[in-house]
Structure formats: structure tokens, C-alpha cells
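Chain by chain, the residues run as shown.
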Amino acid sequence: NAGVTQTPKFRVLKTGQSMTLLCAQDMNHEYMYWYRQDPGMGLRLIHYSVGEGTTAKGEVPDGYNVSRLKKQNFLLGLESAAPSQTSVYFCASGNGGTGELFFGEGSRLTVL
Amino acid sequence: AQSVTQPDIHITVSEGASLELRCNYSYGATPYLFWYVQSPGQGLQLLLKYFSGDTLVQGIKGFEAEFKRSQSSFNLRKPSVHWSDAAEYFCAVGAGYKLSFGAGTTVTVRA
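First things first, this report covers the structure right here in the doc. Note that the coordinates shown come from a computational prediction; the quantities given were computed from them, not determined experimentally.

1. Quick word on the overall build of chain B
Per the secondary structure count, chain B includes 0 helices and 12 strands. Order of helices (α) and strands (β) in chain B, N terminus to C terminus: β-β-β-β-β-β-β-β-β-β-β-β. In summary, chain B has a C-alpha radius of gyration of 13 Å against a globular reference of 13 Å for 111 residues, a match within 12%. Seen through its C-alpha atoms, chain B measures out along the principal axes to roughly 40 × 30 × 20 Å. Within chain B, the fraction of its 111 residues that count as buried is 44%. A separation threshold of at least 6 residues defines the contact pool for chain B, and within that pool the share at least 24 residues apart is 54%.

Written as C-alpha cells, this is what we have:
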């Protein structure tokens, strides 16, 4: 009964370092998303995927890359981290159509 | 473009009192509307959703919301708040596979 799982849950990076956040879902959903949550700004869509092997840009894609090599996994990469990328990152998945999303518990990233 | 406005950043309510959270949206067609709740340190959980039909929708945890097309609103209500309702609440609008979220309303419940 895992649903959507994100790893790691916490990470501290120095400016310029790289890292990857992993999202895994076990609900056989076609659609997967990465959001960032910042105080007073709600959730903003970074990238999303409508199926295995596809990715697309959301509202705030700059500085991030994603890959969806397997249907159940959606990776978010930061090639050269910046302090502006300090945030809480949420992965979500869904069936599309009705738009209902299922969220992971979040990954808190701090860039010093 | 679709967008959501939640006018209230923070609401404090006494336990047992009623609660209403406001949500206004902008969308070019018939919207799909959602309310999500986020407890501290957790991800978002769906409270309720509106797609079509009856404009008053019931959700989990005793919440309900009313869709008013003329006012472009989808306000969330609960008749009697419990301490466990302290959380952040997000309204969202969308269709297909893309949702837009409001900035959220934080609810504090006082004893």
C-alpha cells in the first residue's frame, strides 16, 4: 500500500552540486508530476510526464531535468544546484482525465 | 490561462465552530475543481472534487464545497471544526492532466 514514494526525504547541497530525486508509484498511473512548494506560492509544476518515455515542461522548468525511463519511476535532476532551488519537492501521479492526483510525502532540499 | 486565488492566507477558528475557506478560479471552460489538505510534514490528500452535476459536493472528514459558476467560486466548508483539521488547504483547478493550485490557506484551530 505504498502509493507514491519519494527518496530522499531530506538533502542538503552546496551550490553547484548535482543530485537526483527519485519518485516511484505503484498504482500503474500514466501521468507523473514534479512540483515545488514555496511559502505563499502554493505548488508550482516543474515538469510532468504523460507516459513512459515522455516528459514535458511545466511552469518553472529552468534548472531541472527529468526522465521517465520506466512507467513507475519519475526522476528529477538538478545539474548545478542554486540557493533558489531550496524548496520542498512533491511528486504526484494520476490517471489524467479527471485530474485527480496522488502525492508523495515530499523531499526537503536545502542549497547552501 | 487557468488560475486559482485563495484570498485568505491564514484563518484561526475555535474548535467546534464552523469553517469556510474561499476559492476563486479563472478557467476558460467548465472546470474540474479540487480541494486538497496538507497536514504538517505530509503530502497533499484529496478532500473532494467537482466535475459536473450537483453543485454541492461532499468530501471526506465532513467537508463540503459548493460550486458557483456565476461567482467563479468553489468555497470549502465544515460545520464543526475538530483540532485535527489544523492544516493547510489548497484549492486547485484543471482539466486533463494539468492542475493549477492556489497559494493555500493555513487553518489554526484553538481550543
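2. Points about the pairing of strand 9 (residues 73–78) of chain B
Residues and elements named next belong to chain B. Taking burial as the measure, the 6 residues of strand 9 include 5 buried ones, the bulk of the element. Pairing between strand 3 (residues 19–21) and strand 9: 3 bridges, direction antiparallel. Counterpart to Leu-21 in the pairing with strand 9 is Leu-76. Here strand 8 (residues 64–68) hands over to strand 9 after 4 residues, with Ser-72 in that stretch at a positive phi of 50°.

3. A word on unusual backbone geometry
Cis geometry is adopted by the peptide bond preceding Pro-8 of chain A, which originates at Thr-7 of chain A and carries an omega value of -10°. By the secondary structure assignment, Pro-8 of chain A is in the loop between strand 1 (4–7) and strand 2 (10–13). A positive phi angle is found at Lys-61 of chain B, which is not glycine, with a value near 60°. Along the polypeptide, Lys-61 of chain B turns up in the loop between strand 7 (56–58) and strand 8. With a phi angle near 50°, Ser-72 of chain B is a residue other than glycine that sits in the positive phi range. Of note, Ser-72 of chain B is situated in the loop between strand 8 and strand 9. Note on Ser-72 of chain B: relative accessible area 27%, which makes it partly exposed.

Each value, and the rule that gives it
- Residues numbered from 1 in each chain as written.
- Chains lettered and ligands numbered in written order.
- Predicted model: local features only at pLDDT ≥ 70, side-chain atom pairs only at ≥ 80, totals over all residues.
- Heavy atoms only, no water.
- Helix = DSSP H or I, 4+ residues; strand = E, 2+ residues; numbered from the N terminus.
- Rg over C-alpha atoms; globule rule 2.2 N^0.38 Å.
- Buried < 20%, exposed > 50% of the residue type's maximum accessible area, 1.4 Å probe, protein only.
- Contact = heavy atoms within 4.5 Å.
- Pairing = 2+ DSSP bridges.

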